[in-house]
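Examination of the molecular architecture
Okay, here's what each chain looks like letter by letter:
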Amino acid sequence: MNFLKYICFFFPLLALAQISDTVPDSTAVKYLIIKGDSIPRTAIDLDEVMLLHELKFDGKEDRIRYLILRRKTLKVYPYAKMAAERLDSMNKRLASIEKKRHKRRYAKRVQKYIEGEFSEELKKLTRTEGQILVKLIHRQTGETAFNLVKELRNGWRAFWYNTTASMFDISLKREFDPLNVKEDYLIEDILQRNFQSGRLERQKSATKHDFYDLTNKWLKPTANKQ
């Protein structure tokens, strides 16, 4: 039994997002992210500009690890994005249902749909892709996969799913923590670059992090060595 189908059972009407393969490589180019588009008649007024640093690697192996992480992140991000969208949609639908038994019936119908139509796609994910997916679900929803299962089903099932996941070295309680985990910072770096390039569709993160502060923290040791 593959545990991944359970952490995404709450995605009603989920469909795979398509990612174009024609976008140029963004691993060695400086980018600007422009928030706001206020344009006076006589000048261009930018509300906020974010400069993404040029990527530098310590060696070939370091670069390869980053590219592998990028490939996996690009693959699973659409799942996490849809989780946030569908969770919001489902919560609104549940809020409009008054009777508890009707709520349970609706949630059960959603679960059966996902397990029947979508579980095969999730089974194709590798262990590391599953680990990244769990982190991104937290980034996009503000809730761990464990809590989402617990809220939508019950505590026992959430415990069981987490125990099953731990056999694959994956915790459904894992949070996205780019401040203290370098891999999570690199994932955030990958997302920001691909939002800017248009390869991924931007969705506001439910977790709050200052990318400048994160970059300063993780790049400062490297800068001191040079």
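Cut-off values and rules
Residues numbered from 1 in each chain as written. Predicted model: local features only at pLDDT ≥ 70, side-chain atom pairs only at ≥ 80, totals over all residues. Heavy atoms only, no water. Helix = DSSP H or I, 4+ residues; strand = E, 2+ residues; numbered from the N terminus. Expected span 1.5 Å × (residues − 1). Buried < 20%, exposed > 50% of the residue type's maximum accessible area, 1.4 Å probe, protein only. Salt bridge = Lys/Arg side-chain N within 4 Å of Asp/Glu carboxyl O. Axes fitted to C-alpha atoms, helices over the stretch in contact; angles between N-to-C directions. Parallel < 35°, antiparallel > 145°, perpendicular 65-115°, else oblique. Left-handed = near helix turned anticlockwise from the far one by under 90°. Contact = heavy atoms within 4.5 Å. Nonpolar A, V, L, I, M, F, W, Y, C, P; charged D, E, K, R; others polar.

Within an unreviewed UniProt entry, the label attached to the chain reads DUF4294 domain-containing protein, and the organism entered is Hwangdonia lutea.

**Topic: helix α8 (residues 182-197)**
Here α8 spans 23 Å end to end across 16 residues, near enough to the 22 Å set by a 1.5 Å rise per residue. For α8, the complete set of buried residues consists of D184, Y185, I187, E188, D189, I190, L191, Q192, R193, N194 and F195. Positive backbone phi, approximately 90°, marks G198, located one or two places after α8.

**Points about the pattern of salt bridges**
For side chains bearing opposite charge, pairing can occur when the charged atoms are close. Considering all chains together, one arrives at 8 salt bridges under this definition. For E201, the salt bridge identified is with K81, shortest N-O distance 3.6 Å. Of this pair, E201 sits in the loop between α8 and α9 (211-225) while K81 sits in helix α2 (residues 60-95); the two residues are 120 residues apart in sequence, bridging distant segments of the chain. For R193, the salt bridge is made with D189, and the minimal N-O distance between the two is 2.8 Å. Taken together, the residues R193 and D189, both in helix α8 and 4 residues apart, mark about one turn of the helix. Taking relative accessible area as the criterion, R193 reaches 1% and is therefore assigned buried. Each of K81, E85 and E201 takes part in salt bridges that share partners, so that together they form one network.

**Description of the packing of helix α5 (residues 127-141) against α8**
As a packed pair, α5 and α8 sit with axes 12 Å apart at the nearest point and diverge in direction by 70°. One finds that α5 runs roughly perpendicular with respect to α8. The two elements α5 and α8 meet at a crossing, and its hand is right-handed. Contacts between α5 and α8 pair I132, K135, L136 and R139 from the former with E183, D184, I187, E188, L191, Q192 and F195 from the latter. Of the residues contributing to the contact of α5 with α8, the split by class is 5 nonpolar, 1 polar and 5 charged.

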